[in-house]
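One letter stands for each residue in the lines below.
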Amino acid sequence: MLYYDVKMKYELNNPDAEKGLVNELYHINRQNRRSSTKDGKLLFYGNSEGVLNALLIIDCEETSLTQAKKGFESEMSKKFKKLFKSVRFVTTSPREITIEEACGLIEAGCLEEYFDGYTNADSICEAEYMDNSYVKYDESVLEQKTTTYSEAVDEAHRLLADASFLEELERIYSPLNKHKFYGNPVHYKINASSRETAKHLVDLLARALYSNQRLKSARVTYVTDTNPNARRSDFDDLCDNSYASLVAVECADNDTENDNYARDAQIRSENIEENTKEYSSRVLFVLVDIGGGNKICKHCIGELTAKDIDFIEIGEGRGGAKTAKSYLARLLKENHVPYAKEDFVLPKQKDYSALDVVKVYKQIKTGSIKNSIYKAYKDCKKIEVEKPENFSNSYDKLQKMVGLTEIKSIIDQIISAQKMNKLRRDMGLEAADTAKHMIFTGNPGSAKTTVARLLASILYDEHVTEKSKFVECGRQDLVGMYVGWTAKQVEAKFREAKGGVLFIDEAYSLVEQGGYYGDEAINTIVQMMENYRDDVIVIFAGYPDKMKKFLEKNEGLRSRIAFHIDFPDYNGEELCDILKLMTKDKGYTLDEAAEEKCRGIFEIACKNAEFGNGRFVRNVLEQAIIKQSSRIVSEYSGDKVDKKIISILSAADFDINAAETYKSPKVAIGF
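Residues numbered from 1 in each chain as written. Predicted model: local features only at pLDDT ≥ 70, side-chain atom pairs only at ≥ 80, totals over all residues. Heavy atoms only, no water.

(A) Fine view of helix H15 (residues 448–461). An ideal rise of 1.5 Å per residue puts 20 Å on 14 residues; H15 measures up with 20 Å between its terminal C-alpha atoms. Burial of H15 is extensive: ten of the 14 residues sit out of reach of the surface. All of the buried residues along H15 are Lys-448, Val-451, Ala-452, Leu-454, Leu-455, Ala-456, Ser-457, Ile-458, Leu-459 and Tyr-460. Following H15 by one or two positions, His-463 has its phi on the positive side, about 65°. (Helix = DSSP H or I, 4+ residues; strand = E, 2+ residues; numbered from the N terminus. Expected span 1.5 Å × (residues − 1). Buried < 20%, exposed > 50% of the residue type's maximum accessible area, 1.4 Å probe, protein only.)

(B) How the structure looks around unusual backbone geometry. Positive phi, normally seen in glycine, also occurs at Glu-49, with a value near 50°. Within the secondary structure layout, Glu-49 lies in the loop between strand E2 (41–48) and strand E3 (51–58). Take Glu-49: its relative accessible area is 79%, and that puts it in the exposed class.

(C) Representation of the pattern of salt bridges in the model. All told, the structure shown has 29 salt bridges when counted by the stated rule. One salt bridge connects Glu-168 with Arg-171, and the closest N-O pair in it is separated by 2.8 Å. You can see Glu-168 and its partner Arg-171 sitting in helix H6 (residues 163–172), three residues apart, about one turn around the helix. Exposure remark for Glu-168: the relative accessible area of 3% places this residue in the buried category. (Salt bridge = Lys/Arg side-chain N within 4 Å of Asp/Glu carboxyl O.)

(D) A look at the pairing of strand E1 (residues 2–12). E1 sits mainly inside the fold: eight of its eleven residues count as buried. Bridge analysis of E1 against E3 gives eight bridges, and the strand direction is antiparallel. By the bridge assignment for E3, Leu-2 is matched with Ile-58. Inspection of the sheet shows E1 paired to strand E5 (residues 95–96) by two bridges, in the antiparallel sense. Looking at E5, one finds that Tyr-4 is bridged to Glu-96. Of the strand pairs in this sheet, E1 and strand E4 (residues 84–89) are connected by five bridges, and their pairing is antiparallel. Directly across from Lys-9, in E4, lies its bridge partner Arg-88. (Pairing = 2+ DSSP bridges.)

(E) Representation of helix H20 (residues 544–552). Among the residues of H20, those classed as buried are Met-547, Phe-550 and Leu-551. Along H20, the residues classed as buried sweep out an arc of 95° about the axis, all on the same side. Away from its buried face, by an angle of more than 90 degrees, H20 presents the exposed residues Asp-545, Lys-548 and Lys-549. (Arc of directions from axis to C-beta.)

(F) How the structure looks around the packing of helix H7 (residues 195–211) against helix H11 (residues 321–334). Interhelical geometry of H7 versus H11 gives an angle of 95° and a closest axis separation of 12 Å. Overall, the two elements H7 and H11 adopt an arrangement that is roughly perpendicular. Only Tyr-327, Arg-330, Leu-331 and Glu-334 of H11 make contact with H7, whose side of the interface consists of Glu-196, Thr-197 and His-200. Residue composition of the contact of H7 with H11, grouped by class: two nonpolar, two polar and three charged. (Axes fitted to C-alpha atoms, helices over the stretch in contact; angles between N-to-C directions. Parallel < 35°, antiparallel > 145°, perpendicular 65-115°, else oblique. Contact = heavy atoms within 4.5 Å. Nonpolar A, V, L, I, M, F, W, Y, C, P; charged D, E, K, R; others polar.)

(G) Just the environment of Glu-113, in detail. Position of Glu-113 relative to the elements: it lies in the loop between helix H3 (99–111) and helix H4 (121–124). With residues up to four places along the chain from it excluded, the contact list for Glu-113 reads Val-22 and Tyr-26.

(H) Inspection of the layout of surface pockets at higher detail. In this model, the second largest pocket occupies a volume close to 970 Å³. Lining the second largest pocket are 31 residues; nearest its centre among them are Gln-418, His-463, Val-464, Thr-465 and Glu-466. Put simply, the parts of the chain that give the lining of the second largest pocket at least two residues each are helix H10 (295–305), helix H14 (405–426) and H15. By residue class, the composition of the lining of the second largest pocket is six nonpolar, nine polar and 16 charged. (1 Å grid on protein atoms, 1.4 Å probe; cavity = no way out; pocket = protein on both sides within 12 Å on 5 of 7 lines; lining within 4 Å. Points joined across faces, edges and corners; volume = space filled by probe spheres on them.)

(I) Fine view of the sheet that holds strand E14 (residues 438–442). With parallel pairing, five strands are arranged side by side in an open sheet as E15-E16-E17-E14-E18. Edge positions in the sheet fall to strand E15 (470–473) and strand E18 (563–567), since each has one partner strand and no second. For this sheet the average axis-to-axis angle between neighbouring strands, irrespective of direction, equals 20°. Contacts from H14 reach E14 and E18, with the element oriented near 155° to E18.

As structure tokens, this is what we get:
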């Protein structure tokens, strides 16, 4: 859709009708808002001195601005000839506006009673997604004038754009191209050091394309975030409303080192891929990589180029001191940042990148409030805190886990094999891809599920899997109630996990509970493991003895499992190490007496079968924290408590129920 703020000159048949004109236009709006004609919608929001102010909405895929204006002039003259003696658009070119501005005009019309007070502007503009907080974006309209090739090149130099941008400008302005929108031969990836620079490059690219009629709309939509909780239709509606215009998407990884965020990134990636694929011929997409090395951006482009959707990479370059100072001044002016003359200083160096300039800009912006506006705060004392440690990635988290020597070694082997396969492909040799399905055996609390989640993230980071998917399921998710349901449910789980890891917990229950449906599930799993051999890694998990019977149930199942990893029970010392890690994560420390007492508790506990491993440690810690809270409240009632005191767990805090669960047997004394 294109949105225009237009004006129409009019002359009434009866001058006395001027008093009731607002009411007449109200009724015209009621007709026009309900349904679009082939020419679009024409909605009036004001009038003065023989001029009607109106919002013109057209579907540029169906009609042109010229055709729409002629159509509405004819319609107004015919349908409302009793009211108007003449009505026509003013000759000056109408102003294209953003969707937000279009909604604002309708809301202004509501205040003047050109519309009902309950009118939904978003709905009329066919942009209900505007109020959706899941899709965040900035919208602007380019100055609607032609930018020449020399002007575009000069602007690129002022923006410190690199040679790849200049090469693309040459292609855009080439006389070999037709000056009309037929679709998009290529899309773009922009590498930028900051959002400010990225937006400048996007705008210049859009101006060049619009000047050569490669875009019909001067509207530029810059998407800053697509929340993973958003429905696909949220972003889909935005793209659907952007025919022949430019949509830039900033591909933010966020904290992909965190497993939950990694899965969020995967969802974001899939949303971008699906919409780009669907609308690639109708909407020009620019994927923006801030800072370089963005996983979402890289993954999206890899998926899309495999589907014959081509991308050109452009980005920032370097320039001299004069150009860098000019760009710095531009950033400060555009963002209305006040500054002192002494602040306007670039570090002395041979040349400058856009990042160098943006760093100085951000320093000035940060300091301008206290240095130039609220000067009394310039030299005041500020709080100084110790910088927290960065989050570790999944591989580091696994390495920090207590024990698990075998699993750490096997993951290193898988990663090494993948790197070797890549090297072979690069050399033109055949890669030796092997099955990667696994079985995890161990008692409860031995970290099987935790390791599986980390493994899914690690395999994605190392390009072993295509997606950071981790789909967890059990018997209830795989076995159907009726004949024929089970196979469909199993296949649905494989489809859901495509590109990632399918984790089947307590897999032995498929056999243990017996019945036809369990056998059907196992047989279907074997078939799907073959069908999805290159797309899904399956991890089966359960108790050691029970998993042995599970494997014996189907020979084809056993032959497809490449790695059998046993998670042994932790010993007392390892449990103590786990406790110290958990304690640190929760912001507590153990004193020496507490640590020694817990070591004794764990030494006794681990001699009992199925004592819970890590789960038992967690129960002990949680109960100790509750006991410590009660103790401190009792000891320091009404008194100030030191931060150090509430952070230490003492031996007395571990006199808890969990510690009483496993005790050394009493020895009877006889004579």
